[in-house]
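# Commentary on secondary and tertiary structure
Listed here are the chains, written in short residue letters.
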Amino acid sequence: MSKSDRPTYVIGHKNPDTDAIAASIAYANLKNLTSSEHTYQAMRCGNISLETQYVLDRFNIKAPKFIGDVRTQVRDMEIKTLPGISREMSLKEAWHIMKENNVVTLCITEGRDLKGIITTSDIVETNMAIFESDMLSKTNTSYINIVQTIDGTMITGEVAGAFETGKTLIGAGNAEQLEEFIEDGDMVLLGNRYEAQLCSIEMGASCIIVCGSHNVSPSIQKIAEEKNCRIITSPYDTFTVARLINMSMPVGSFMKVNNLISFKVDDYIEDIQPVMAQTRHRYFPVIDSNGHYAGMVSRRNFLGAEKKKLILVDHNEKAQAVQGLEAAEIREIIDHHRLGTITTGKPIFFRNQPLGSTSTIIYNMYQENGIEIEPDMAGLMVSAIISDTLLYRSPTCTEIDKRAGAALAKIAGVNEEELAKEMFSAGSNLGSKTPTEIIHQDFKKFSVGESTIGIGQISSMDVNELHIIRERIEPELEKALNDDKLDMIFVMLTNIMKESSEVLFFGGNAERILERGFGTPARNGHITLNGVVSRKKQMLPTITSALEN
């Protein structure tokens, strides 16, 4: 994947609600329809709630993929996609591939699996350090490699097979002298001397290499065939062939196979940098998510590593954002909440409006761009508006939200009240969830002065169901407070029909803060707040004001 093909992720907050998921999908779709230069992909950094899953299923829309950390990864570097080579390849051919591709390392693969690596240093060391005359047979060097390395021609015998026994020697001297050195199975390098060729064959050589582009007489060829001796001719002189022939050995005999240092495409750069710094290699193999060889990266690829590009929707608080946000590049923010703690290194497009739902903002952006909304997408967006405004009952709801919801419902062909009942019923059916999962189903963290607070919300049309939920989660609040490293925790159990919330709380001055802020007495870790249904417009501002005062 080239840099220009890497998508910009459109992502909502942790513990995403229906609006966060719908906004990421709808805005990614809008951006793809209006941009020809870049691609956009909806993502999520938390689990899908039951309510949201119901909406996605109803309108035949796939859930965004999960991403838990947006730090820069190996996949964000320029990976050199040089194919792996076979362990049977000659050292000479491997050297040429290195030079052509300006690399000092090649990966040896079997199928798509990494088996070893070989470097230019390994090849140089092999060429300088080998003095044994039987190395070609020890490494079972194929005749194909030998012929290719010396630009030869096999004129007698099969090119298939390998040189498996014997040593390699130069056939200098007269026939009587050669008889003292040549043994059964040897390979002999010689020139255009009939007696030396005949003697080598008669002494049991398995192969003779005739150097210098000399023709081999028909009688020698016939005798070689009778004795099962291969004959190879080469255009190079004997000295050159003697220098080249060891380069025909297979790379598999010299590759490094133990303690290989490789990286996965999902590894984070900050984690692998110390490993690179402690290793003298310049190139490192990369393994894809299926365990297969994918290419190589070098130290200098770090300089071109590209940060992940993000568009944040439905939040602008760092505590609510995906992990690793500080290592990513934020390009846009579309939100309807208070200004939070996220900062950027350069100006970005930031659209923040005091509306009941981020999906309302995005609906208006479709209208502004003259983009027609498909029925399923409209169904998703109206569901988000209904969810965030509690079917237009929340004090955050505006006439703009109502108009957007009505227009989207018409496109989707749905009745808003019926859709709301089905959504909220699906969302409050929490029997299979653990208390911790229920608390965090729709949960946000906020930084208020020096305090970190968490506010969760569970909405239902059934008062009995809310009572059961309260009994399940109340004993778990202290654990949630400690696990999330909070100073105070609040969970709103919102009765949509009665337009009220029972708030469970734990930690710090939570009780005093609520009593002071709302002027209502609390008892035994909970407080009933009539007319309070909005976390954004009622709970958070009141708690913030009480804390600051």
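For the structure, check the block above.
Residues numbered from 1 in each chain as written. Predicted model: local features only at pLDDT ≥ 70, side-chain atom pairs only at ≥ 80, totals over all residues. Heavy atoms only, no water.

### Topic: the environment of Glu88
Following the sequence through the fold, Glu88 ends up in the loop between β3 (65-66) and α3 (91-101). The spatial distance from the C-alpha of Glu88 to the C-alpha of Glu180 is 33 Å, given a sequence separation of 92 residues. Setting aside residues up to four positions removed in sequence, Glu88 forms contacts with Asn145 and Pro250. (Helix = DSSP H or I, 4+ residues; strand = E, 2+ residues; numbered from the N terminus. Contact = heavy atoms within 4.5 Å.)

### Focus: the packing of aromatic side chains
In this description, a pair of aromatic rings is defined by centroid distance and the angle of the planes. One pass over the structure, following the stated rule, counts one aromatic pair. Ring geometry for Phe263 and Phe284: centres 5.3 Å apart, planes at 40°, overall tilted. Placement of Phe263 in strand β13 (residues 263-264) and of Phe284 in strand β14 (residues 283-287) is noted, with a sequence separation of 21 residues between them. For the pair Phe263 and Phe284, a shared accessibility class is recorded, and that class is buried. Stacked on the ring of Tyr268, the Lys or Arg Arg71 has its end atom at 3.9 Å from the ring centre. (Phe/Tyr/Trp six-rings, centres within 6.5 Å; stacked < 30°, edge-to-face > 60°. Buried < 20%, exposed > 50% of the residue type's maximum accessible area, 1.4 Å probe, protein only. Lys NZ or Arg CZ within 6 Å of the ring centre and 35° of its normal.)

### Some points on helix α19 (residues 510-518)
Listed in full, the buried residues belonging to α19 are Ala510, Ile513 and Leu514. The arc enclosing the buried residues of α19, seen along the axis, measures out at 95°, which places them on a common side. Where α19 is buried, its residues touch β21 (488-495), β22 (500-506), β23 (526-530) and α20 (535-548). Directly beyond the C-terminal end of α19, a positive phi value near 65° is found at Gly519. (Arc of directions from axis to C-beta.)

### With respect to the packing of helix α2 (residues 50-58) against helix α15 (residues 416-427)
Following both chains from N to C, one finds α2 and α15 inclined at 130°, their axes separated by 7 Å at the closest point. As far as their axial angle goes, α15 and α2 are oblique. Both α2 and α15 take part in a crossing whose hand is right-handed. The residues of α15 that touch α2, namely those facing Leu50, Glu51, Tyr54, Val55 and Arg58, are Leu419, Glu422, Met423, Phe424, Ala426 and Gly427. In terms of residue class, the contact of α2 with α15 is made up of seven nonpolar, one polar and three charged. (Axes fitted to C-alpha atoms, helices over the stretch in contact; angles between N-to-C directions. Parallel < 35°, antiparallel > 145°, perpendicular 65-115°, else oblique. Left-handed = near helix turned anticlockwise from the far one by under 90°. Nonpolar A, V, L, I, M, F, W, Y, C, P; charged D, E, K, R; others polar.)

### Regarding the nonpolar core
In this structure, Tyr27, Tyr366, Met381 and Ile386 are the most contacted members of the largest nonpolar core, which totals 50 residues. For this core, the elements supplying multiple residues, two or more each, are α1 (18-34), β2 (40-44), α2, β16 (309-313), α12 (358-368), α13 (375-389), α14 (399-412) and α15. Among the nonpolar cores identified, the runner-up in size contains 42 residues, and Cys107, Ile117, Met187 and Met255 belong to it. (Core = buried A, V, L, I, M, F, W, Y, C linked by side-chain atoms within 4.5 Å.)

### Some thoughts on unusual backbone geometry
A positive phi is found at Asn140, a non-glycine position, where the angle reads about 50°. Take Asn140: it is sitting in the loop between α5 (135-138) and β6 (141-142). You can call Asn140 partly exposed: its relative accessible area is 43%. You will see that Lys485, though not glycine, has its phi angle at about 55°, which is positive. The topology assignment puts Lys485 in the loop between α18 (477-483) and β21.

What is shown is where atoms sit, not what they do.
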